[in-house]
Amino acid sequence: MLKDIDEKGGTRELKDIDYRQQFDRKWGEFTPEEQRAIDEEIERLLDALKHSPDPLWGSIMNTSIEGGKANPFNGLRGDWSGTPWHPIWERHGQSDSQAALFFGTLWKLRIIERPEMWIGIRSSDTRPTFPNRRINLPGKTYFLAGAR
């Protein structure tokens, strides 16, 4: 379940993603093996956040940070080759912006489908992600509600 907070502070509880037909059409281009690998990695990462929250930050995930992490196979940041994320890059014509949009939408959908309540926020210059710490993360940030 997901409670979404937009750039202006408006909230809504999401039952599904926007533009679902477009997403499903693109998702259908992935092989069942690619879909399974991507879904299993998202599930693994979200379960890890749920069961082992960071002592300082709690259970928090940011799509831009996750997508830009160093590749465990070659150490390059944002290079998805050899990872479950690589087919996303390939299916979007190796376009950073299109791959990033799909990546973020897929995460949002998988979070909506989970049983626990997550809160998603997209920050802006006037609404930073962590105003007390003066930190503004790019992309969408998700917090597990009630987690510390």
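Conventions we followed
- Residues numbered from 1 in each chain as written.
- Predicted model: local features only at pLDDT ≥ 70, side-chain atom pairs only at ≥ 80, totals over all residues.
- Heavy atoms only, no water.
- 1 Å grid on protein atoms, 1.4 Å probe; cavity = no way out; pocket = protein on both sides within 12 Å on 5 of 7 lines; lining within 4 Å.
- Points joined across faces, edges and corners; volume = space filled by probe spheres on them.
- Helix = DSSP H or I, 4+ residues; strand = E, 2+ residues; numbered from the N terminus.
- Nonpolar A, V, L, I, M, F, W, Y, C, P; charged D, E, K, R; others polar.
- Buried < 20%, exposed > 50% of the residue type's maximum accessible area, 1.4 Å probe, protein only.
- Axes fitted to C-alpha atoms, helices over the stretch in contact; angles between N-to-C directions.
- Parallel < 35°, antiparallel > 145°, perpendicular 65-115°, else oblique.
- Contact = heavy atoms within 4.5 Å.

Peer 1: Residues and numbers for the layout of surface pockets, please.
Peer 2: Here the largest pocket defines a volume of roughly 960 Å³. Along its surface, the largest pocket is lined by 40 residues, and Ala100, Leu101, Phe102, Gly104 and Thr105 are the ones closest to its centre. At the level of secondary structure, the elements contributing two or more residues to the lining of the largest pocket comprise strand E1 (2-5), strand E2 (11-14), helix H1 (20-27), helix H3 (63-67), helix H4 (86-91), helix H5 (96-112) and strand E5 (140-144). Broken down by element, the lining of the largest pocket gets its largest block of residues, 11 residues, from H5. Of the residues assigned to the lining of the largest pocket, the class counts are 12 nonpolar, 16 polar and 12 charged.

Peer 1: A description of unusual backbone geometry should follow, citing residues and the corresponding values.
Peer 2: Positioned with a positive phi, Tyr19 is a non-glycine residue whose angle comes to about 60°. Within the secondary structure layout, Tyr19 lies in the loop between E2 and H1. When its relative accessible area of 63% is taken as the criterion, Tyr19 is described as exposed.

Peer 1: Provide a residue-level description of the packing of H1 against H5, including the pertinent values.
Peer 2: Look at H1 against H5: their axes get within 12 Å of each other, and the N-to-C directions meet at 105°. Relative to H5, the element H1 lies roughly perpendicular. Here Arg20, Phe23, Lys26 and Trp27 of H1 lie close against H5, whose contacting residues are Phe102, Thr105, Leu106, Leu109 and Arg110. The residue inventory of the contact of H1 with H5, partitioned by class, reads five nonpolar, one polar and three charged.

None of the figures reported here should be taken as evidence of function without further support.
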